[in-house]
Amino acid sequence: LEPLTVENCWHILARHAFGDEGYDKHPRLEEIGRKIARKCEGLPLAAKTLGGLLRSNVDVGEWNKILNSNSWAHGDVLPALHISYLHLPAFMKRCFAYCSIFPKQNLLDRKELILLWMAEGFLQQSHGDNRAMESIGDDCFNELLSRSLIEKDKAEAEKFRMHDLIYDLARLVSGKSSFYFEGDEIPGTVRHLAFPRESYDKSERFERLYELKCLRTFLP
């Protein structure tokens, strides 16, 4: 497919940033937003993700921060996605990076993922917040969804998945703490490990795990 025009990128970004309200009341933001859209290089995922990041934000300074971010020079992943990740709250970064424990294009179950985040101690209650952890986890999931870091599966209504480029970002930012094991070398610092049950259901497959000191998750 050909890349989108800058104009189309801007319309996608604006749609996700302003919703039904539109940008007519914000000419200064439109000026900055069109410059950001140009940096998306015709990729709709980049425009959609940045629009989600800027959703309901009418602060000119924040839009300029995105425009002038050093991450536009990031070479390992799509810069727009990396910028969106950097603007997540710290606990949400951990929740996002944890998703790299699953294989690429794996269907995600909202409830199961929230329970795993809870078990890992990733979710945080702010001062005075008496809600159940499940509710906080639901808010975290919805925030990742609104920023297009998780998306609804087109075939199964109650399931979700990560776009391949988003998944690559999750693998990158998790460093060597989250890992999907398919017989490759396992980092000694791994904390969260998953494996395909069908292929690795014999104990000798896991002999190299005996010396791991930091392992907290072992998930089939």
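Residues numbered from 1 in each chain as written. Predicted model: local features only at pLDDT ≥ 70, side-chain atom pairs only at ≥ 80, totals over all residues. Heavy atoms only, no water.

As for the layout of surface pockets
For clarity, the cut-off: The way it works is a 1 Å grid over only the protein atoms, where trapped points that fit a 1.4 Å probe form a cavity and open points with protein on both sides within 12 Å along at least five of seven lines form a pocket, and then any residue with an atom within 4 Å of a point lines it. Grid points are joined across faces, edges and corners, and a volume is the space filled by probe spheres set on the points. Residue classes follow a fixed rule: Ala, Val, Leu, Ile, Met, Phe, Trp, Tyr, Cys and Pro count as nonpolar, while Asp, Glu, Lys and Arg count as charged, and any other residue, Gly among them, counts as polar.
Size it by volume and the largest pocket reaches roughly 250 Å³. Along its surface, the largest pocket is lined by 14 residues, and Phe102, Pro103, Asn106, Phe195 and Pro220 are the ones closest to its centre. Here the lining of the largest pocket is built from residues that sort into 10 nonpolar, 1 polar and 3 charged. Within this model, the second largest pocket holds a volume of roughly 150 Å³. Each residue belonging to the lining of the second largest pocket can be placed in one class, and the counts come to 7 nonpolar, 2 polar and 1 charged.

Regarding the pattern of salt bridges
Our working rule: Each reported salt bridge corresponds to a side-chain nitrogen of Lys or Arg within 4 Å of a carboxyl oxygen of Asp or Glu. Only DSSP runs of H or I covering at least 4 residues are called helices, and only runs of E covering at least 2 are called strands; the numbering of each starts at the N terminus. Under the scheme applied here, a residue whose accessible area is under 20% of the maximum for its type counts as buried, over 50% as exposed, and between as partly exposed, the area being computed with a 1.4 Å probe on protein chains only.
The tally for this structure, following the rule as stated, stands at 14 salt bridges. Note that glutamate 31 and arginine 28 form a salt bridge whose closest N and O atoms lie 3.2 Å from each other. Here glutamate 31 and its partner arginine 28 are both found in helix α2 (residues 27–39), 3 residues apart, which amounts to about one turn of the helix. Here arginine 28 falls in the partly exposed class, since its relative accessible area comes to 40%. With a shortest N-O distance of 3.0 Å, arginine 34 and glutamate 30 are connected by a salt bridge. Taken together, the residues span about one helical turn, with arginine 34 and glutamate 30 both in helix α2 at a distance of 4 residues. Looking at glutamate 30, the relative accessible area reads 21%, which means it is partly exposed.

So, the sheet that holds strand β2 (residues 151–152)
What counts here: Two strands form a pair only when DSSP identifies at least two bridges running between them.
One open sheet accounts for 3 strands, arranged β1-β3-β2; its pairing is antiparallel. Pairing within the sheet leaves two strands with one partner each, and these edge strands are β1 (108–109) and β2. Sheet topology places β1 next to strand β3 (residues 159–161); 2 bridges connect them, and they run antiparallel. Across the sheet, aspartate 109 pairs through a bridge with lysine 159, a residue of β3.

Topic: the packing of helix α6 (residues 90–98) against helix α8 (residues 133–146)
Going by this rule: Lines fitted to C-alpha atoms define the axes, with helix axes restricted to the stretch in contact, and inter-axis angles between N-to-C directions lie between 0 and 180 degrees. Angles are sorted into four bins: roughly parallel if under 35 degrees, roughly antiparallel if over 145, roughly perpendicular if 65 to 115, and oblique for all others. Should any heavy atoms of two residues lie within 4.5 Å, those residues are counted as being in contact.
Here α6 crosses α8 at 75°, and the two axes come no closer than 11 Å. Classified by the interaxial angle, the pair formed by α6 and α8 is roughly perpendicular. Across the interface between the two elements, Phe91, Met92, Cys95 and Phe96 of α6 pack against Cys140, Glu143 and Leu144 of α8. Residues of the contact of α6 with α8, tallied by class, amount to 6 nonpolar, no polar and 1 charged.

Some details on empty space enclosed by the protein
Any space left empty among the atoms is revealed by the rolling of a water-sized probe across them. If you walk through the whole model with that rule in mind, you get 1 cavity of 30 Å³ or more. Approximately 50 Å³ is the volume attributed to the largest cavity. Considering the residues around the largest cavity, the lining is formed by Cys99, Phe102, Pro103, Lys104, Gln105, Asn106, Leu108, Arg161, Met162 and Tyr167. Looking at the lining of the largest cavity, its residues break down into 6 nonpolar, 2 polar and 2 charged.

Side note on the environment of leucine 115
With respect to the helices, strands and loops of the structure, leucine 115 is situated in helix α7 (residues 110–120). You can call leucine 115 partly exposed: its relative accessible area is 41%. Residues leucine 115 and glutamate 134, 19 residues apart in the sequence, show an inter-C-alpha distance of 7.4 Å.

Comments concerning the nonpolar core
Within soluble globular proteins, side chains that are nonpolar tend to cluster in buried spots. To keep it simple, the criterion reads: In plain words, nonpolar cores are sets of buried Ala, Val, Leu, Ile, Met, Phe, Trp, Tyr and Cys residues tied together by side-chain atoms within 4.5 Å.
Residues Leu13, Ile36, Leu50, Trp63, Phe96, Trp117 and Leu144 are the most contacted members of the largest nonpolar core, which totals 59 residues. With 6 residues, the single largest contributor to this core is helix α1 (residues 6–18). Other than its neighbours up to four places away in sequence, isoleucine 36 contacts Leu13, Leu50, Leu54, Trp63, Ile66, Leu67 and Trp72. Counting residues in hydrophobic clusters, the runner-up holds 9 residues, among them Phe179, Phe181, Ile186 and Leu209.

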